[in-house]
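Understanding the architecture of this molecule
The primary structure of each chain is shown beneath.
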Amino acid sequence: MAASVVLQVSEAPGRRAGAKAWLLLSPLLAWLFLFVVAPTIILLCYSFLTGTGLGEVQATFTWENYRRAFHGAYVRIFARSLEYAAITTILCGLIGYPVAHYIGRAESRLRNRLLLLVMIPFLTSFLIRAYAWFIILGDQGLLNSLLESLHVIPTFLSHRLELIYTPTAVIIGLVYTYLPFMILPIYGSVEKLDESLIEAAADLGAGPARAFWRVILPLTWPGVAAGVSLVFIPSIAMFAVTSLMGGAKVRLIGDEIEDQFLSSGNLPFGAALGILLLALFLISFLLFPRGREE
Amino acid sequence: MKRIVSTCVLLGLLLVLPSCHRKPAAESLNLFAWSQYIPQEVIDGFTRETGIKVNYEQYDSNEAMITKLSQGSSRYDLVQPSEYAVENLIHRNMLEPLDFSLIPNVKNLDPQFRDLPYDPGQKYSVPYMTGTTGIVVNTDKIKDPIRGYRDVFQEKYKKRIACVDDNREIVSFALDVLKIPINEVTPENLAKARPLLAQWMPLVRVFNSDDTKRPLAEGDCDLGVVFCGDAASLYETNHAFKYILPEEGTHQFIDNLCVPKGAEHKEAAEKFINYILRPEVSKIISDKFPYTNPNAEARKLLTPAQLANPASYPKTDHLEVFHDIGPGTKLIGELMSELRSKE
Amino acid sequence: MVAKPARGLSSSSKRSTSRRRRNFPRFALAWWTTLTLVFLYLPIALLIFYSFNRSELNLVWQGFTLHWYATIWQNEALMGALSNSLIIASSTTAVSCALGTVAAWLLYRYRFPAARMFNALIFFPMIVPEIIMGVSLLLLFSFLRIRLGFTTVIIAHVTFCFPFVMIAVQSRLQGLDPSLEEAALDLGATPVQAFLKVIVPYLVPAIVAGGLMAFTLSIDEFVVTYFTCNAASSTLPIEIYGRAKRGLDPSVNALSALMIAATIVLLVAANYVRRLSSKPSPEK
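These numbers come from a predicted model, not from an experiment.

Looking now at the interface of chain C and chain A. Where interface size is quoted, it is often the accessible area lost as the parts come together. Chain C puts 75 residues into the contact, and the matching count from chain A is 78 residues. Considering each element in turn, the side of chain C that touches chain A owes the most residues, 16 residues, to helix H1 (residues 13–50) of chain C. Of the residues belonging to the side of chain C that touches chain A, the class tally is 55 nonpolar, 12 polar and 8 charged.

In C-alpha cells, the structure reads:
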C-alpha cells in the first residue's frame, strides 16, 4: 500500500521546476519543515538534555538518557514490545491469510460484500472495539459465563479464566485491532492471482496443499509482506489498547514513552526512548522485504 | 459531476451544523483536576448559576499534573494538587496567590484545615477534600484477618489485588513496612525497598488510580490498596467491604484547589472555589465521592450513616503526610519503571 | 498470455476430481472466514446490545431501554467531544485536500531536484509510529509556546492525513492525458487557471476519495490527539478512552453504535462515489 509508494516517484512529463513552481511548492515545504522535520530535530535535541523529573529540563548536554535506555529494564521493555508485535503479526497472518484467500477467490458480488464487512471494523474507532472486549473477557464476563453454563468450568478448569488485565488480553486486543490491516493487502495479492496458473498446477498433478505451497503462497508473497509491515511495525508502538487491556501492568515501549512524557515528566529520557524507537522503526522499515507487484 | 460537488458541500455543512447549536461561552474556566473527584452535578450547577463554561480535564496523579503544567503549552485556571504537590509548585513559583476577598466561604472550613504547613499563611491553596490511603477488603470473599500491607501482598492473593497506579504511593507502602520515614527517598532507602516491591508487584492484578473500585465491585479483585473515597463508596454499596488503616502506617493526604501562574480566568477560578465551599455544594461532593470533608458547615449536613462510614471518617492518630521530595521523584520513577518491566 | 478460463467452470472429467478436492478446502476456508468475521463483529455486536441495557454497569443485563440513546444528547461532555471531532475532521479534510492535491500536482508536473526526499518527508508521518509524532509535536508546541487546542490538533491531523489525499490524487494523475493541459494553455489560460479549471475537475473523484479517507482517519485518531489537545478540544476517542479507564456507562455504547452506523453510511457513500468515478467521465 503506502509503503511501496513512498520511494516511488511517478514518471511525469515534468518540466524543470522554475521559480514559480518553487514558489507554489513553498507552503508545502514550510509545512513539512515545521511539522515533520522540526519536531524530529527537537526530539533529538531534547534527548541529550537533562531531565529532573516533573517536567523540569536543564539545558546541560548528557549521554545519560541513552545510557539508561540501554539499561536492563528498558531493553526488556523494547524486547517485549518486539515480541508482542511478532506474536500479533504471526497470529494475524495465520488468521488473516485464509480469510483473504477465500475472499480474493470468491465471486464478484460475494467478494465485495465480504470486503465491506472486513473494512467496517477497520474504520471504526479501535478504542470502542477494544473496550467491548471487557464485556467478554471479564471475570464475570461472557466467556466465563458461557464456560460455566457449559459446565466446562467445574469439570475441566478449576476456576474462572482470568483473562482481562493479562498479557493474553493485550495480545487479543492487538490482534483485534490489526487483523484487517493484514487481510486487505493479502486480499489485494490474491485477487490478482492468475487462475490459470493454479489450474495448470492441478493439471500437473499437484494436490491442493502442494499447489498452495509452491504456487499460491509465493505469488501472494508481496501481499503478505505488505500485511506484515502494516501490522508488525505499528504494533510495536501501540499504547492505548495495551494499557486498557493490560490494566497498566503490561508495560510496552509505547506505554513507557507516554509515561515519561505525561506522568513521570522526564522529558529528555522519554525523547531518547522515542529516538531509539524511531531508529528501530526505520531500520525494520528499510530492511523489510516488501516485494514488488508483478 | 456538479452533483458530487454539491453533495459534498451539503455534507460539509451538515457536519458543521452541530457546532452551531452551542452558544458561545461568555467566559470559560479551564479546570485540571483528579478524575472521579468533582461531580458533574457540581460543575453543571456552577455553569447554570454563573454562565461560565467549565472545561474539565482530568489526570490521575500529581506528577502527571505537574508535568503538564511545566510544559507551558497548556493554560489552566484551576488545578487540584495534593499537599506535597502544592509545596513543589510553590517552590517552583508556579502558583498565583489567591484573592481571598473573592472567597469569603473559606470560613466554612474546619479551623484545623486553615494555614497548613505546606502553604504557610495559606496564600495559594484552599483544601478541597482530605483522606487516607488504605486497605479495602471484600470480607465476603476473604475471611482471614487483614491488618496491614504484609497481609495484603501475600502469594495466596496473587492476582486478586487492585492497587492505585501511583508510584509514590506504592513506594511509601514498602517504606512503611520497613519503618523508614516515607519522605526519606534516597537511593539507599529505595535499594532497601526494592526486594519487597519486586515481590509485591507481580501479585497485583490491576493498577488504576482512575477507578480503583471497579475491579473490586465487579469481582475481578477481592482486596486492594485504594484511596479512602473509593473504599467508602464500596462500603456504601456493600457493607462487606471493610476499610483498614495498615498497621505498619499510612499517610493522610489533603487535596487543594490552586490557581496556576498565567491563568487567564483567575476570577472565575476564585468564584468556583467559593462555590465549592458552600455547605450544600460540598455536601453533594461528599455524597458522590465520600472522602473526608474539611468543610465544617458541610459536615453538619451529612447523614449519620455518612459520618459513621469508617473509610470516610476513620479514627486517625497522628498520620504522616507526604512532602515534596524534589529529585526523589525521578529516583522513584526509575525504580518503578524497572520493576514494571519485569512482568 | 494464456486465456483465463471463467472461474468455477470446468469441462474435463480430470478437472472435476480436482474441483471436488478443491471444494473441501474452499468449504473449510468459508468456515474459517465466517469464524473470523464473528470474532471481528462479536465485540461490536455486544457493544450495541448493551447500549440498550438498563443497568449502568456494563456486565449485568437489567432490561431493555432506549434511555441512553435519549440522554446522550444532553450529555455536555460527549456532545462537546462529538462536535469537536466533527469540526476537527472537517477542517482537517479541507486542508488535507488542498495541500494533498497541490502537492501531488506540483510533484507530477514539475521535476524537482529533491523529489524523492520530498516524497519521503511527506510519507514520514504516515509510517512512523503515531506516538513519536504525538510526542515530538508536543515538544514542538511546547518549545514555540503555542497553546494546545483546536489549531494544534488540526495541524497534527493534517500532517498525517494529507498524504492519503496525495496518494489518491497521484493515482488518478497517472491516467491524465497531458494534452488536456496543453489544450487549455493553447486556448490562453494561465497555468494556474488551467490547473483550477481543467485539472482539478478531473481530479475530483480522487480528491473526494482521499478526503473521505482523511475524514474517517481524523475522526478515529487517538494517539496524536492525546498529546496535542486540551479539554476544550477533546475529541470523541479521547473522551471514550478517559471513560474506559473509569468505567463506561452505556451512553458511550449508544454513541459508539451511532458512530458505527455513521461509518457504514460513509463507507457505502465512498463506494458509490468510487463506482461513479470509474465510469468514463463525460466529455466537456
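Below, the discussion takes up the confidence of the model for chain B. Residues and elements named next belong to chain B. On average, residues of chain B score 87 in pLDDT, and 92% of them reach the 70 mark or higher. By mean pLDDT, the top-scoring element of chain B is strand S3 (residues 78–79) (94), and the lowest-scoring one is helix H1 (residues 2–20) (51). Segment residues 17–24: pLDDT under 50, and 7 contacts once partners within four positions in sequence are set aside and those in other chains are kept.

Residue and element names in this part refer to chain A. It is at 10 Å that the axes of helix H10 (residues 195–203) and helix H11 (residues 208–236) come closest, and there the two elements cross at 145°. Of the two possible hands of crossing, H10 and H11 adopt the one that is right-handed. Two secondary-structure elements touch here, H10 through Leu-197, Ile-198, Ala-201 and Ala-202 and H11 through Ala-211, Val-215 and Ile-216.

Residue and element names in this part refer to chain B. Counted residue by residue, strand S10 (residues 251–260) has 9 buried out of 10 residues, so it is predominantly covered. Relative to S10, strand S5 (residues 125–138) runs antiparallel, the two being bridged by 7 bridges. Among the inter-strand pairings, Met-129 is bridged to a residue of S10, identified as Asp-255.

Next up on the list: the environment of Asp-255 of chain B. Secondary-structure assignment places Asp-255 of chain B in strand S10. What Asp-255 of chain B contacts, discounting residues up to four positions off in sequence, is Gln-80, Ser-82, Tyr-128, Met-129 and Thr-130 of chain B.

Another aspect to go through is the domain arrangement of chain B. Residue and element names in this part refer to chain B. The assigned domain composition of chain B is domain 1 (23–130 + 254–308) and domain 2 (131–252 + 318–340). Relative to domain 2, the C-alpha centre of domain 1 lies at a distance of 26 Å. Domain 1 puts 17 residues into the contact, and the matching count from domain 2 is 17 residues. Every element with two or more residues in the side of domain 1 that touches domain 2 is listed here: helix H4 (83–91) and S5. Broken down by element, the side of domain 1 that touches domain 2 gets its largest block of residues, 5 residues, from H4. Grouping the constituent residues of the side of domain 1 that touches domain 2 by class yields 5 nonpolar, 8 polar and 4 charged.

Cut-offs used in this document
- All residue numbers here refer to positions counted from 1 along the written sequence of the relevant chain.
- A letter from A marks each chain and a number from 1 marks each ligand, given out in the order of writing.
- Confidence filtering applies because this is a predicted model: local features only for residues at pLDDT of at least 70, side-chain atom pairs given and counted only at 80 or more, and all residues used for totals across whole chains, interfaces and linings.
- We call two residues in contact if the C-beta atoms placed from their backbones are at most 7 Å apart.
- Labels follow the DSSP assignment, with helices taken as runs of H or I lasting at least four residues and strands as runs of E lasting at least two, numbered in each case from the N terminus.
- Three categories are distinguished: nonpolar for Ala, Val, Leu, Ile, Met, Phe, Trp, Tyr, Cys and Pro, charged for Asp, Glu, Lys and Arg, and polar for the others, with Gly belonging to the last.
- Per residue, pLDDT captures the predictor's confidence, and it can take any value from 0 to 100.
- In this description, a line fitted to the C-alpha atoms serves as the axis of each element, helices being fitted only across the stretch in contact, and the angle between N-to-C directions of two axes falls anywhere from 0 to 180 degrees.
- Crossing handedness follows the turn of the near helix against the far one: under a right angle anticlockwise gives a left-handed crossing, and clockwise gives a right-handed one.
- To sort residues by exposure, count the other C-beta atoms lying within 10 Å of each residue's C-beta; 20 or more gives buried, 12 or fewer gives exposed, and values between give partly exposed, all with C-beta atoms placed from the backbone.
- For two strands to pair, DSSP has to find at least two bridges joining them.
- The split of the chain into domains comes from an automatic or database domain assignment.

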